[in-house]
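So you can see what is in the structure, the chains are spelled out below.
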Amino acid sequence: MIVTTATTPFDDQKPGTSGLRKKVRVFEQPNYAENFIQSVFDVVEGKQGATLVIGGDGRYLNRVVIQKAIRMAAAAGFARVVVGQGGILSTPAASNVIRQRGALGGLVLSASHNPGGPDEDFGIKYNVSNGGPAPEKVTEAIHARTLSLSEWHAADSADVDLDTLGEVTVEGMIVEVIDPVADYAALMERLFDFAAIRAAGLTVAFDAMSAVTGPYATEILERRLGFAPGTVRNGTPLEDFGGHHPDPNLVHAHELYELMMSADAPDFGAASDGDGDRNLIIGRNRFVTPSDSLAMLAANAHLAPGYKDGLKGIARSMPTSAAADRVAEKLGIPSYETPTGWKFFGNLLDAGMATICGEESAGTGSDHVREKDGLWAVLLWLNILAATGKSVDQIAREHWATYGRNYYARHDYEGVDSAAADTLMRELRGKLTTLPGTSVAGLTIAEADDFAYEDPTDGSVSRNQGVRVLFEGGSRVVFRLSGTGTSGATLRVYLERYEPAGGSVDAETGDMLADIVAAAEQLAAIRQHTGRERPDVVT
Ligand code: VG1
Ligand code: CO
């Protein structure tokens, strides 16, 4: 039986950079998850007879919300729900299942790199039929629907056993519980030369951060590629990620970093985030920034079977360093600069305009799915190391000798008072037109703007995507507020300095960025607005 429940709207269900993310306590309010899911189903057309994919990163509330979503999908007219065993699907694996199954879309339950547990974060994101996050026009329609919702519908059925593979029926709808790893691992075997990686004799440390990539990495790295047992660390997904932030950066993955800088370092180290779409790459004694990793992967991708015919184009988000642009230029292919968030890459990938995409926030991916993909980046790196016989350090040094180096860092100020953060951004925006030609901290400002993007495939325009101040000589600072946080505001300050080939390409990042850090402080009065002496996280 389908039951209709009366509800009233919540005024805080606007999806951010990557879906709706809130504290678990917020999601636990009566009707909260149901209202959002109903709004998604009300906006999405073509549900009758269609397939919906559901899975998440295994965090606290994952199973509860999956059961709700299944009952509501049955009421919405879907013919089939495909769900990962145990409720598990990494974000890239969910994207792959949507594509492979010709599904109408999917619900990806995750708050990604945010911590999990009863007092931490949860999230729901809707992905469309290409496997990618819903574009802005869809998320805007979902938000509009949340504001007028008055009822939601669900089958009056018992919980589905998510741990047993196979099919059951809920109110006439088939629920198929699948192995979350198999299709994804098969895709990776098609893209990369597993035999060459196996034969290369590399040693690897992969930190799954007690999050969703554990089962994927164990299957692919330890079973299929034959790396030693123990290669995958923290490989069991936990509802609270062991109390840590599953964020693969130098702060939260510091144990891996210390290992990779030590005398016992293996050849290659990597980590992924809560939902498996990010990657941190550290070679023996060589950290690679995500922006550099994107550029180095693009420059060498042709060495992997899946990319042997070359790339059609490279896309990066605006705050990501311009290192990848130089590779595109050398390859004679177009480069694209998009707003932050993977949803802006989908159209370029669908149109065959870009093959590889990336973000400074440790996200890299390609047209094999429509999400960023942490293990994909790890495997492409391993394929490149195997094909060249070079170390990560050698690849990095040779890259900088050819292209020059984009020194890069991001400074995050977390949990800042929202009103103060808004004032900081408003004041910055207010003076943009007066900045060009002036000097700050010894740097001359060439241009300053608020980034806007016009999608070349459909002409849609996204404004106010971050304040950029470009200095003469190619350095810059970018300011924007995070769209994934769940309490207060997070100010992100992105710092970049270009050093041409033949220049100081082997210096300390902190030294090379010192004047830009000083300029950022003067431009935005960060101390005055936030009361902070220094950033909480430097990546
Ligand atoms: C952050 C990153 C952005 C990324 C987004 C989702 O967004 O900066 O590059 O796409 O997280 O990644 P924001 O708005 O907080 O800066 V994930 O792995 O959290 O899905
Ligand atoms: Co993520």
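- The chain carries the name phosphoglucomutase (alpha-D-glucose-1,6-bisphosphate-dependent) in an unreviewed UniProt entry, which gives Sphingomonas citri as its organism.
- In UniProt, the chain has this text filed under Catalytic activity (unreviewed entry): "alpha-D-glucose 1-phosphate = alpha-D-glucose 6-phosphate".
- Under the Sequence similarities (unreviewed entry) heading, UniProt states for the chain: "Belongs to the phosphohexose mutase family."

Regarding the overall build of the chain
Alright, step 1. A tally of helices and strands in the chain yields 17 helices and 27 strands.
Alright, step 2. Against the globule reference of 24 Å for 539 residues, the chain gives a C-alpha radius of gyration of 23 Å, in line with a compact fold.
Alright, step 3. C-alpha extents for the chain along the principal axes are approximately 70 × 55 × 40 Å.
Alright, step 4. For the chain, the proportion of its 539 residues judged to be buried stands at 58%.
Alright, step 5. Residue pairs at least 24 apart in sequence account for 72% of intrachain contacts in the chain once pairs closer than 6 positions are excluded.
Alright, step 6. Within the structure as shown, the chain displays about 19,500 Å² of accessible surface, and the carbon and sulfur contribution to it stands at 47%.
Alright, step 7. Of note, the chain has its 48 positive side-chain charges centred 2 Å away from the centre of its 71 negative side-chain charges.

A short note on the coordination of the cobalt ion (ligand 2)
Alright, step 1. Of the protein atoms, only Ser112 (OG), Asp273 (OD), Asp275 (OD) and Asp277 (OD) coordinate the cobalt ion (ligand 2), at distances of 2.0 to 2.1 Å.
Alright, step 2. Site description for the cobalt ion (ligand 2): donor spacing in sequence, S-x160-D-x1-D-x1-D. For the residue pair aspartate 275 and aspartate 277, the accessibility class agrees, reading buried in each case.

Things to note about the UniProt feature "domain: Alpha-D-phosphohexomutase alpha/beta/alpha" (unreviewed entry) in the chain
Alright, step 1. Those residues carrying the UniProt feature "domain: Alpha-D-phosphohexomutase alpha/beta/alpha" (unreviewed entry) are residues 13-147, 183-282 and 291-403 in this numbering.
Alright, step 2. As a span, residues 13-147 carries 39% helix and 23% strand, and end to end its C-alpha atoms are 8 Å apart.

Concerning the site of ligand 1
Alright, step 1. Close contacts around ligand 1 come from 20 residues, with Thr17, Ser112, Ser361, Gly483 and Thr484 the closest.
Alright, step 2. Aspartate 277 has a polar side-chain atom sitting 2.9 Å from an oxygen atom of ligand 1.
Alright, step 3. The separation between an oxygen atom of ligand 1 and a polar side-chain atom of threonine 484 is 2.5 Å.
Alright, step 4. Each residue belonging to the shell around ligand 1 can be placed in one class, and the counts come to no nonpolar, 10 polar and 10 charged.

Regarding the pairing of strand 16 (residues 335-338)
Alright, step 1. Of the two faces of strand 16, only the one carrying Tyr336 and Thr338 is buried; Ser335 and Glu337 on the other face are not.
Alright, step 2. With four bridges joining them, strand 15 (residues 314-317) and strand 16 adopt parallel strand pairing. Following the sheet pairing, alanine 315 is matched in strand 16 by tyrosine 336.
Alright, step 3. Handedness of the strand 15-helix 11 (residues 323-331)-strand 16 crossover: right-handed.

A look at helix 6 (residues 182-191)
Side chains of residues three or four places apart in an α-helix project in the same direction, reflecting 3.6 residues per turn.
Alright, step 1. Buried residues of helix 6: Tyr184, Ala185, Leu187, Met188 and Leu191, and no others. Summarising the axial view, the buried residues of helix 6 lie within an arc of 155°, below the 170-degree limit, and thus occupy one face.
Alright, step 2. Contact partners of the buried residues in helix 6: helix 4 (91-100), helix 7 (194-199), helix 8 (213-224) and helix 13 (374-388).

Concerning the packing of aromatic side chains
Alright, step 1. Overall, the coordinates contain eight aromatic pairs when judged by the stated rule.
Alright, step 2. With 6.1 Å between their ring centres and 80° between their planes, tyrosine 307 and tryptophan 376 make a pair best called edge-to-face. Here tyrosine 307 is found in the loop between helix 10 (290-300) and strand 15, whereas its partner tryptophan 376 is found in helix 13, with 69 residues between them in sequence.
Alright, step 3. In this structure, arginine 326 is placed above the aromatic ring of tyrosine 498, and the distance from its NZ or CZ to the ring centre is 3.4 Å.
Alright, step 4. In this structure, arginine 405 packs its charged tip against the face of tryptophan 400, placed 3.8 Å from the ring centre.

A short note on the nonpolar core
Alright, step 1. Grouped together as the largest cluster of nonpolar side chains are 70 residues, with contacts concentrated most on Met188, Phe192, Phe268, Trp376, Trp381 and Leu382.
Alright, step 2. Considering every element that reaches this core, the biggest residue donor is helix 13, with 10 residues.
Alright, step 3. Residue contributions to this core reach at least three from each of two domains, namely domain 1 (2-179) and domain 2 (184-403).
Alright, step 4. Not counting chain neighbours up to four residues away, the residues in contact with phenylalanine 192 comprise Ile197, Ala304, Pro305, Tyr307, Trp376, Leu379, Leu380 and Asn383.
Alright, step 5. Among the nonpolar cores identified, the runner-up in size contains 44 residues, and Ala69, Phe122, Ile142 and Val160 belong to it.

Quick word on the pattern of salt bridges
Alright, step 1. In total, this model carries 39 salt bridges according to the counting rule given.
Alright, step 2. With its nearest N and O atoms 3.1 Å apart, the salt bridge here joins glutamate 360 to arginine 410. Of the two residues, glutamate 360 sits in the loop between strand 17 (356-359) and strand 18 (363-366) while arginine 410 sits in strand 19 (residues 405-416), which places them 50 residues apart along the sequence. The pair formed by glutamate 360 and arginine 410 is uniform in burial state, with each residue classed as buried.
Alright, step 3. One salt-bridge network, in which partners are shared between bridges, spans Arg316, Asp325, Glu337, Asp449, Arg468, Arg476 and Glu496.

Side note on the side chain of histidine 529
Alright, step 1. Relative to the assigned elements, histidine 529 resides in helix 17 (residues 526-530).
Alright, step 2. A polar side-chain atom of histidine 529 sits 3.0 Å from a polar atom in the side chain of glutamate 427.
Alright, step 3. The contact partners of histidine 529, leaving out residues within four places of it in the chain, are Ala420, Thr423, Leu424, Glu427 and Ala524.

Quick word on the environment of proline 266
Alright, step 1. Mapped onto the secondary structure, proline 266 falls in the loop between helix 9 (254-261) and strand 12 (268-271).
Alright, step 2. Non-local contacts of proline 266, meaning those with residues more than four positions away in its chain, are made with Thr203, Val204, Ala205, Leu259, Met260 and Arg284.

Quick word on the environment of proline 115
Alright, step 1. You can see proline 115 is positioned in the loop between strand 5 (105-109) and strand 6 (121-127).
Alright, step 2. Looking at proline 115, the relative accessible area reads 12%, which means it is buried.

Quick notes on the pairing of strand 25 (residues 476-481)
Alright, step 1. With five of its six residues buried, strand 25 lies for the most part within the structure.
Alright, step 2. Note: strand 24 (residues 467-471) against strand 25, four bridges, orientation antiparallel. Paired with valine 469 across the two strands is valine 477, which belongs to strand 25.
Alright, step 3. If you look at the hairpin formed by strand 24 and strand 25, you'll find four residues sitting between the two strands, and glycine 473 has a positive phi there, around 95°.

About the cut-offs
Residues numbered from 1 in each chain as written. Chains lettered and ligands numbered in written order. Predicted model: local features only at pLDDT ≥ 70, side-chain atom pairs only at ≥ 80, totals over all residues. Heavy atoms only, no water. UniProt positions renumbered as here; feature names shortened; annotations may be inferred. Helix = DSSP H or I, 4+ residues; strand = E, 2+ residues; numbered from the N terminus. Rg over C-alpha atoms; globule rule 2.2 N^0.38 Å. Buried < 20%, exposed > 50% of the residue type's maximum accessible area, 1.4 Å probe, protein only. Contact = heavy atoms within 4.5 Å. Areas by Shrake-Rupley, 256 points an atom, 1.4 Å probe, with all protein chains shown as cover. Lys, Arg positive; Asp, Glu negative; His and termini not counted. Charge placed at Lys NZ, Arg CZ, Asp CG, Glu CD. Donors = N, O, S within 2.8 Å, 3.2 Å for Na, K, Ca; no water. Near = heavy atom within 4 Å. Polar contact = N/O pair within 3.5 Å; in protein donor to acceptor, adjacent residues only side chain to side chain. Nonpolar A, V, L, I, M, F, W, Y, C, P; charged D, E, K, R; others polar. Pairing = 2+ DSSP bridges. Right-handed = clockwise from strand over helix to strand, strands pointing away. Arc of directions from axis to C-beta. Phe/Tyr/Trp six-rings, centres within 6.5 Å; stacked < 30°, edge-to-face > 60°. Lys NZ or Arg CZ within 6 Å of the ring centre and 35° of its normal. Core = buried A, V, L, I, M, F, W, Y, C linked by side-chain atoms within 4.5 Å. Domains from an automatic or database assignment. Salt bridge = Lys/Arg side-chain N within 4 Å of Asp/Glu carboxyl O.

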